[in-house]
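Chain by chain, the residues:
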Amino acid sequence: MTHEENTSGWDAIDKAIGELYGEQEPHHYGTSIPYMLGGPDPLDGISVYAVNTPMPHWHFVTYGFSELYEKESDQLSQSGYGFEITFRLTRGEEENEPPAWALNLLQNMGRYVFNSGNVFRAGDYMDANGPICLASDTLLTALAFIEDPDLPEISTPNGSVQFVQMVGITGRELDMIQTWNARGFLSACSSFMPKYVTDLMRNSYADIPSVIQAVQLGIEQDGSSTAFLFIQQLSWESPRKKMLQKTVPAKLQLGAKQAVLIGNILRSRLSKGESLSLIGPDVNILFKAGEQPALLESDRQITLTVNKQIVEELAQNLHPVEGTFEIISLDRLLVQIVKTEIKDQEGHVIKTIG
């Protein structure tokens, strides 16, 4: 049976959107050469609707993370990866076509999922490591994911599909999300960002008193949902014996860009008895709550058992500035903070932190 003969997954998405937008004809962007046959774009299509409430915006819906044609995966309960991505972007009065950069961003999301196998669920977030629209001077450099407010989960002949909406956020907002959680943060911003429409030109919500208050209260009540942090600048030197049996303490090295964030998340997680894993290119460092401080080394993982005092000491000393400090009660552990260089896509250094 060919794709043309069975489009039941595709039809189910069309039906869900049809209930929302009726007869409106979307702008549809299909893929001429399928990804599996060497085409550049992993998603089979993206439909874009012009919406006028709560403000004029484009509503993008992907086709391709779920099984659009025959059922191929063994997982019967969900269709493909179990979701499609939606995206809402402010629309100017003169705009008759949705911007190409947003279509490219969605295809890039497809490449990321297809190549890594990592999926997006409501509550997830992702650092884009630069402006989400390269040609603009937007503050939005990261993405958060939440249920699309108008498209509930659907059942298709190939299994269930959730519509997960991608939302552009700033770097400082990402820090707030990592220190607390994405759902809570987006909920605190919902009156400023109805339907979570992304506006490239907006200011950060991280300075709004009601948002700051909601985040602080949320951290106290819930702690942080961030159990893993991927840190590019992370290294470890084991303690070693020198001549005359003098021991050189272990050294933990971190980049200046994430120093404050690590301190905040440590405080937030360990106050609730939760652990935090820092995952680097060559080593994983697990911080675990415990009254008796301890340092344990195994092949690729270092486990640091830390009490409240050590967490406080770390959080107070983790500044985005080059320097070294010592944690006496943890086998005299040395913590070194080194400069972070932020590079553009060509590899040129555009900013140095520390």
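Summary of the structure given here. These numbers were taken from a predicted model, which means no experiment stands behind them.

A few points about the pattern of salt bridges
Then, number 1: One pass over the structure, following the stated rule, counts 15 salt bridges.
Then, number 2: Among the salt bridges present, the one from Asp148 reaches Arg88, with a minimum N-O distance of 3.0 Å. Highlighted residues: Asp148 in the loop between strand S6 (140-147) and strand S7 (154-156) and Arg88 in strand S4 (residues 78-90), separated in sequence by 60 residues.
Then, number 3: Here Asp150 and Lys195 are joined by a salt bridge, their closest N and O atoms 3.0 Å apart. You can see Asp150 sitting in the loop between S6 and S7 and its partner Lys195 sitting in the loop between helix H4 (182-189) and helix H5 (209-222), a full 45 residues away along the chain.
Then, number 4: Within this structure, Arg88, Asp148, Asp150 and Lys195 form a network of salt bridges that share partners.

Let's talk about the sheet that holds strand S14 (residues 276-279)
Then, number 1: Pairing within the open sheet is mixed, and its 5 strands lie in the order S9-S14-S15-S17-S16. Where the open sheet ends on each side, the last strands, each with one partner, are strand S9 (228-230) and strand S16 (294-297). Mean inter-strand twist for the sheet, computed between neighbouring axes without regard to direction, equals 15°.
Then, number 2: Note that S14 and strand S15 (residues 284-289) share 4 bridges and pair antiparallel. Looking at S15, one finds that Ile279 is bridged to Asn284.

Structural notes on the sheet that holds strand S19 (residues 333-338)
Then, number 1: Spatial strand order, S10-S13-S19-S18: 4 strands in an open sheet with mixed pairing. Among the strands making up the open sheet, the edge pair consists of strand S10 (234-237) and strand S18 (323-327). Each strand of the sheet is rotated relative to its neighbour by a mean of 20°, with strand direction disregarded.
Then, number 2: Where S10 lies against strand S13 (residues 251-255), 4 bridges are found, and the strand directions are antiparallel. In the sheet register, Trp236 faces S13, and the bridge partner there is Leu252.
Then, number 3: Against the sheet, helix H7 (residues 308-317) makes contact with S18 and S19, and its axis sits at roughly 170° relative to S18, the strand it touches most.

A word on the pairing of strand S2 (residues 45-51)
Then, number 1: Among the 7 residues of S2, 6 are classified as buried, and the element is accordingly described as predominantly covered.
Then, number 2: Note that strand S1 (residues 27-30) and S2 share 4 bridges and pair antiparallel. What sits directly across from His27, in S2, is Val48.
Then, number 3: The sheet contact formed by S2 and strand S3 (residues 57-63) spans 7 bridges and is antiparallel. If you follow Tyr49 over to S3, its bridge partner there is His59.
Then, number 4: From the end of S2 to the start of S3, which pair antiparallel, there are 5 residues.

Digging into empty space enclosed by the protein
Empty space left among the atoms is revealed by rolling a probe the size of a water molecule over them.
Then, number 1: For the structure shown, the criterion picks out 1 cavity of 30 Å³ or more.
Then, number 2: Each pocket or cavity is described by its volume, and for the largest cavity that value is around 30 Å³.

Definitions and limits used
- Residues numbered from 1 in each chain as written.
- Predicted model: local features only at pLDDT ≥ 70, side-chain atom pairs only at ≥ 80, totals over all residues.
- Heavy atoms only, no water.
- Salt bridge = Lys/Arg side-chain N within 4 Å of Asp/Glu carboxyl O.
- Helix = DSSP H or I, 4+ residues; strand = E, 2+ residues; numbered from the N terminus.
- Pairing = 2+ DSSP bridges.
- Axes fitted to C-alpha atoms, helices over the stretch in contact; angles between N-to-C directions.
- Contact = heavy atoms within 4.5 Å.
- Buried < 20%, exposed > 50% of the residue type's maximum accessible area, 1.4 Å probe, protein only.
- 1 Å grid on protein atoms, 1.4 Å probe; cavity = no way out; pocket = protein on both sides within 12 Å on 5 of 7 lines; lining within 4 Å.
- Points joined across faces, edges and corners; volume = space filled by probe spheres on them.

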